Amino acid sequence: MILPDRPRRLRLTSTIRRMTRETRISVDQLIAPLFIREEEQVRSPISSMPGQYQLGIADAAEEAQRIYDVGIPAVLLFGIPEHKDNEGSSAWRKDGVIPRAVDRIKKRCPDLCVITDVCLCEYTDHGHCGIIKKTRRNTLDVDNDATVEVLVREALAHADAGADIIAPSDMMDGRIGAIRSALDAHSFEDVAIMAYSAKYASSFYGPFRDAAESPPAFGDRRSYQMDPANALEAQREISIDIAEGADIIMIKPALPYLDIIRQAADNFDVPVAAYNVSGEYAMVKAAADRGWLDEKQATLEILTGICRAGASLVITYFAQDAAKWLQK
Ligand code: PBG
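Every chain is numbered independently, its residues counted from 1 as its sequence is written. Selection of residues for local features in this predicted model requires a pLDDT of at least 70, selection of side-chain atom pairs for listing and counting requires 80 or more, and totals for whole chains, interfaces and linings are taken over all residues. Processing note: side-chain calculations cover all non-hydrogen atoms of the structure and skip hydrogens and water entirely.

**Q** If you had to explain the state of the cysteines to someone new, which residues and values would you point to?
**A** When two cysteine sulfur atoms are found within 2.5 Å, that pair is recorded as a disulfide. On inspection of all chains with the given rule, the structure shows zero disulfides. Of all cysteine sulfurs, the one in C119 lies closest to C129, which takes part in no disulfide; the gap is 3.6 Å.

Now the structure itself:
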């Protein structure tokens, strides 16, 4: 960098500030998550996530329309099934909550990109992201390979219903490759995969687990989610997912992991998504509710920071508000 003899700080007018801004966020980058129940008509507030609801299938289609109408290009769907069991068998039913919701949303808004979360934790009665087995030491753990088989069936059910992007969030090894080949074998070559590649074992998922009714009944998710202290491991996980066929990779949560987002953006040439998770949303909402933060300013600053770090897509519960705030 060449410094002038007499360093001078330019006082920017707001117009010049607007012209020289380095990071611009747009509604095109936003993805809105939705929690969907099997019933037709439900709009049940989620207490730990003010402004977010568990929605029945008809209400989800209406919400999707509102999301589309403010210019947001995509939704990410989470299912809350009536029936939960040990294997999570409702996850791969063709008439399960997500296939029915996808079909309904696509009929109402054909141009809205529908992304589905592929995982078992919402569908198992024990709340873990996979099939549980006894280990040689007689403890319980997730059976990686048995889980991948089931995730493949779940992904096919979602694709068959019309999902545009499948988003596996379980962190099992080999799931991206297995899902990609199954999609291709069933003529779903045009269905993309957004991989939750670097998913940290985070305390910031707390409100989500209320929303999706999926807290683990025993133990925690540390055997399959990443240690918050690890950065290199994230880049390894991302390169494996890309090699297996991921079209978009994701880092989750966003705010404590901005360095991971930056490294991923520098290291790889696929789009990087960041998940601004439930706990990050709840913190802003709670502080704003007490008058301790300006919600709009704080949210736009957070979204700008995530994009400045290198994310080209942001999954956020603030999507609808941000879309309105970004329209001038
Ligand atoms: C798992 C999943 C979780 C989230 C997204 N997908 C929960 C978890 O891993 O425990 C959390 C998202 C959020 O907190 O907003 N299906």
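From this point on, the discussion continues.
**Q** Describe the packing of aromatic side chains, naming the residues involved and giving the relevant values.
**A** Aromatic rings considered in pairs are described by the distance between their centres and by the relative angle of their planes. Stacked, edge-to-face and tilted labels apply to pairs of Phe, Tyr and Trp rings (six-membered ring for Trp) whose centres lie within 6.5 Å, assigned for plane angles under 30 degrees, over 60, and everything in between, in that order. Scanning all chains against the criterion turns up nine aromatic pairs. Aromatic pair F35 and F78: ring centres 5.5 Å apart, planes at 25°, arrangement stacked. Note that F35 is positioned in strand β1 (residues 30-37) and F78 in strand β4 (residues 74-80), a separation of 43 residues in sequence. F78 matches F35 in its accessibility class, with the two residues each being buried. Aromatic rings pair up to connect F35, F78, Y196, F208, Y275, Y281, Y317 and F318 into one cluster. Sitting over a ring, as applied to charges here, requires NZ of Lys or CZ of Arg to be within 6 Å of the ring centre and within 35 degrees of the ring normal. Cation over ring: R153 sits above W92, and NZ or CZ is 4.7 Å from the ring centre. Between R290 and the ring centre of W292, over which it is positioned, the NZ or CZ distance is 5.7 Å. Counting from the N terminus, the helices are DSSP H or I runs at least four residues long and the strands are E runs at least two residues long. Burial classification: accessible surface area is computed with a 1.4 Å probe over protein chains only, and a residue below 20% of its type maximum counts as buried, one above 50% as exposed, and the rest as partly exposed.

**Q** Account for helix α5 (residues 175-185), naming residues and giving values.
**A** Taken together, the buried positions of α5 are occupied by R175, I176, I179, R180, A182 and L183. Any pair of residues with heavy atoms lying within 4.5 Å of one another is described as a contacting pair. If you follow the buried residues of α5, they end up packed against α4 (144-161), β8 (165-168), β9 (192-199) and α7 (232-244). S187 sits one or two positions beyond α5 and adopts a positive phi of about 65°.

These results come straight from atomic positions and should not be treated as a statement about function.
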